[in-house]
2 protein chains.
Amino acid sequence: MRSRAPIKVTLVGSGNWGSAISIIVGKNVQKYNDVFDQEVRMWVYEEIVNGMKLTEAINTQHENIKYLPGKKLPPNVVAIPDLPTACKDSDILIFVIPHQFVENVCIQLKGHIKADALVVSLIKGFMIQKAKGGIRLVTEEIRELLNVDTAVLMGANLAPEVANENFCEATIGCKDQKDRWSILQKLFDTDNFKIALTEDANTVELCGGLKNIVACAAGFADGLGYGSNTKSAIIRLGLMEITIFVELFYHGSNIRTFFESCGVADLIATCSAGRNRKICEAFVKTGKSIKELEREMLNGQSAQGPLTAEEVYLMLEKHNMVSRFPLFTAVHQICQGQISPNQLVSRLRESQSSH
Amino acid sequence: MRSRAPIKVTLVGSGNWGSAISIIVGKNVQKYNDVFDQEVRMWVYEEIVNGMKLTEAINTQHENIKYLPGKKLPPNVVAIPDLPTACKDSDILIFVIPHQFVENVCIQLKGHIKADALVVSLIKGFMIQKAKGGIRLVTEEIRELLNVDTAVLMGANLAPEVANENFCEATIGCKDQKDRWSILQKLFDTDNFKIALTEDANTVELCGGLKNIVACAAGFADGLGYGSNTKSAIIRLGLMEITIFVELFYHGSNIRTFFESCGVADLIATCSAGRNRKICEAFVKTGKSIKELEREMLNGQSAQGPLTAEEVYLMLEKHNMVSRFPLFTAVHQICQGQISPNQLVSRLRESQSSH
């Protein structure tokens, strides 16, 4: 069912991934010009780059010269520095910002967006529940703060490769809103970015966050010089813990979701090429702390894996379930320097015998 | 339940993998000396190595100097050159030979083994049904020729790493014989070779053979210089075709089996380090034929992937199901030089839209 008025789309975020996805979204709204409003607004946190406003660079050169230099954005992607202006009257808001900015963005948007807007989150990672201990889905936070419907898009999608239009896949989780599936398909699917849709939105989102813990374990394995047998066993055991975690804390997952791009494919890509893997390999090889390595290798940005491992650990401890998640637990304790990386395998052995 | 007489075990085969597994089996029968006969017989195809009989080298130096040099075998592993003698009165026969020798070995053994013997196959790959076209499980062949019960052991188990006692996992599929599970566990499980058992034996065996087709696709991806997004999408699509194939031709599989070591773990290991991947990467980079590369890179041995792809293709064609398996089909056609490797992705795109 098509709404009569053209559907307005806003990208909330303009980093590397936001810029890459703007190429897809900008082209698709042109392709389906009977469905979508032809202007895709992109909220850009204003900054000065080479003496020029970033919004101006995007709107005149059609290039995000800071976060995706060298790639042309479609001319119908329009940068707007004011958040409420960028989102006003939009039907679909694509959230693609670091998770630590979610709360603030939602507070600024409250009362300024359409009541029946849909937020599609591309944010991998979790909110932290300081008071209660444990993790909280980004979409749970958004729904609570903005009182809107949400969907998620996750998959094996390293941004530079997506921007280069290399073939890949992604999974959209969108629950109880099947009438919106065809719109989401039109907005995101291309020949080189194949979309599969599922109702199982929580599982899709949880896979996107939890895989980073497994990537840390894969990085330790690489740092310790383990071969393929051991590394693939570690990745498999991590996948098992993801499935158990999802089932315990978010009942009703569909095991088939783990076979989608958001599941095995993202896990394989992240464990072979992600930055959590890289940081954790260096952790073993250099003996430096995670903090030091973040400064040296990620310009001070945080790697998600160690943070997620900590939050998940607090949650498991509170629910008295640490012993069921030996890999998640070992990753946290290794990152904290509480146990040595070469204890990882002995921890995994324990796990097996306890099943 | 323990049988009163000690259980006799024979290894049928003494190559790289047979020798590696003999280390585990030899030690485990010593550990459970109340269960197993203390001598593990190993059938060795006699050959002269450095002027010495291979059986003699194994029995005096406790080393397979040809196929696993540098590793000590337990002294209770005894090499025997005559096949019926090696298998006489044995309760468990571990088949670990190239699949093309299975028929001949079974013919030689017929009438010379215990009626209630169990054959545990470690053979990855399929028999070829020349007359009917298509594949046939190695265990189906063994059951038909020897009229005995069978089980399979598969997993992410590169032999040199197993011989080095690096941590890994394996899956044993053993149907309708739960009384034998604890024996199999005792025979194969160690701290560094973790066994999981399942009833779903056909799926375990099918994963072990079909993954080689996927590894070819992964090799083409590497040869073409594709990044992580694309490669992991290809591996995922391959895994999906494995699940569909198993469901169509061997009903009653359990989707959880694909999460075991025989499934995702073996697939990940094979797609990152196996020889099918390597051959197929070289196929793209050098432009040489698979046959030439086998001569150069595998001493003339056949890579399983292209062979399996061919047999599976014939089977799909016969059942009019080619269009449901675009990855399997593309791998076959690329190996045969019928289409170019860079058509792989366009074939996968078709697949998606046909679902």
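Provided above is the structure to which this section pertains.
Residues numbered from 1 in each chain as written. Chains lettered and ligands numbered in written order. Predicted model: local features only at pLDDT ≥ 70, side-chain atom pairs only at ≥ 80, totals over all residues. Heavy atoms only, no water.

Here we take up the overall build of chain A. Helix and strand content of chain A: 15 helices and twelve strands. Computed over C-alpha atoms, the radius of gyration of chain A comes to 20 Å, within 12% of the 20 Å expected from 2.2 N^0.38 for 355 residues, which places it in the range of a compact globule. In terms of its C-alpha atoms, chain A occupies a principal-axis envelope of roughly 60 × 45 × 40 Å. Each of the 355 residues in chain A was classed as buried or not, and the buried ones make up 62%. Sequence separation of 24 or more characterises 71% of the internal contacts of chain A that already satisfy a separation of 6 or more. Here chain A contributes 38 positively and 39 negatively charged side chains, and the mean placements of these two sets differ by 1 Å. (Helix = DSSP H or I, 4+ residues; strand = E, 2+ residues; numbered from the N terminus. Rg over C-alpha atoms; globule rule 2.2 N^0.38 Å. Buried < 20%, exposed > 50% of the residue type's maximum accessible area, 1.4 Å probe, protein only. Contact = heavy atoms within 4.5 Å. Lys, Arg positive; Asp, Glu negative; His and termini not counted. Charge placed at Lys NZ, Arg CZ, Asp CG, Glu CD.)

Residue and element names in this part refer to chain A. Read across the sheet, eight strands follow the order β5-β2-β1-β6-β7-β10-β11-β12 without closing on themselves; strand pairing throughout is mixed. For this open sheet the edge positions go to β5 (77-80) and β12 (193-198), each flanked by a neighbour on one side alone. Direction aside, neighbouring strands of the sheet carry axes that sit 25° apart on average. Pairing geometry for strand β1 (residues 7-12) and strand β2 (residues 36-43), over five bridges, is parallel. Its bridge partner lying in β2, Val-9 is registered against Val-40. Sitting on the sheet, helix α5 (residues 138-146) is in contact with β6 (92-95), β7 (118-121) and β10 (149-154), with an inclination near 155° to β10. (Pairing = 2+ DSSP bridges. Axes fitted to C-alpha atoms, helices over the stretch in contact; angles between N-to-C directions.)

Before going further, it helps to spend a moment on the pairing of β7(A). Residue and element names in this part refer to chain A. On β7, burial covers both faces: Leu-118 and Val-120 on one face and Val-119 and Ser-121 on the other are all buried. By the bridge criterion, four bridges tie β6 to β7 in an arrangement that is parallel. Note that in β7 the partner of Leu-93 across the bridge is Val-119. In terms of handedness, the path from β6 via helix α4 (residues 102-109) over to β7 forms a crossover that is right-handed. (Right-handed = clockwise from strand over helix to strand, strands pointing away.)

On to the relation of the copies chain A and chain B. Of the two same-sequence chains, chain A is brought onto chain B (RMSD 0.0 Å, axial shift 0.0 Å) by a rotation of 180°. Within this description, the copies of the chain are treated as partners about a two-fold rotation axis. No C-alpha of chain A lies nearer the rotation axis than that of Ile268(A), which sits 3.8 Å from it. Comparing interface residues between copies, 100% of those in chain A also lie at the interface in chain B; the contact surface is shared. (Least-squares fit on C-alpha atoms with pLDDT ≥ 70 in both.)

Turning our eyes to something else, we now look at the interface of chain A and chain B. Counting residues at the interface gives 40 residues for chain A, matched by 40 residues for chain B. The contact between chain A and chain B buries some 3,500 Å² in all, and 62% of this surface belongs to carbon and sulfur atoms. Considering only the side of chain A, the residues that lose the most area to chain B are Phe167(A), Asn229(A) and Phe259(A), jointly responsible for 23% of the buried surface there. Here chain A and chain B share four salt bridges between them. Counting the contacts that link chain A with chain B gives 18 residue pairs in polar contact (both at pLDDT 80 or more). Elements with a minimum of two residues in the side of chain A that touches chain B: α6 (159-163), β11 (168-173), α9 (228-249), α10 (261-273) and α15 (344-354) of chain A. Sort the elements by how many residues they give to the side of chain A that touches chain B and α9(A) lands first, with eleven residues. Here the side of chain A that touches chain B is composed, by residue class, of 20 nonpolar, twelve polar and eight charged. (Buried area = accessible area lost by both parts, 1.4 Å probe. Salt bridge = Lys/Arg side-chain N within 4 Å of Asp/Glu carboxyl O. Polar contact = N/O pair within 3.5 Å; in protein donor to acceptor, adjacent residues only side chain to side chain. Nonpolar A, V, L, I, M, F, W, Y, C, P; charged D, E, K, R; others polar.)

As a further point, take the layout of surface pockets. Residue and element names in this part refer to chain B. When its volume is computed, the second largest pocket comes out at roughly 1,600 Å³. Elements that contribute at least two residues to the lining of the second largest pocket include exactly α1 (16-31), α3 (83-87), α4 (102-109), α6 (159-163), α8 (201-223), α10 (261-273), α11 (275-286) and α13 (304-318). Looking at the lining of the second largest pocket element by element, the count peaks at four residues for α10. Split by domain, the residues of the lining of the second largest pocket number at least three in each of domain 1 (7-199) and domain 2 (203-353). (1 Å grid on protein atoms, 1.4 Å probe; cavity = no way out; pocket = protein on both sides within 12 Å on 5 of 7 lines; lining within 4 Å. Points joined across faces, edges and corners; volume = space filled by probe spheres on them. Domains from an automatic or database assignment.)

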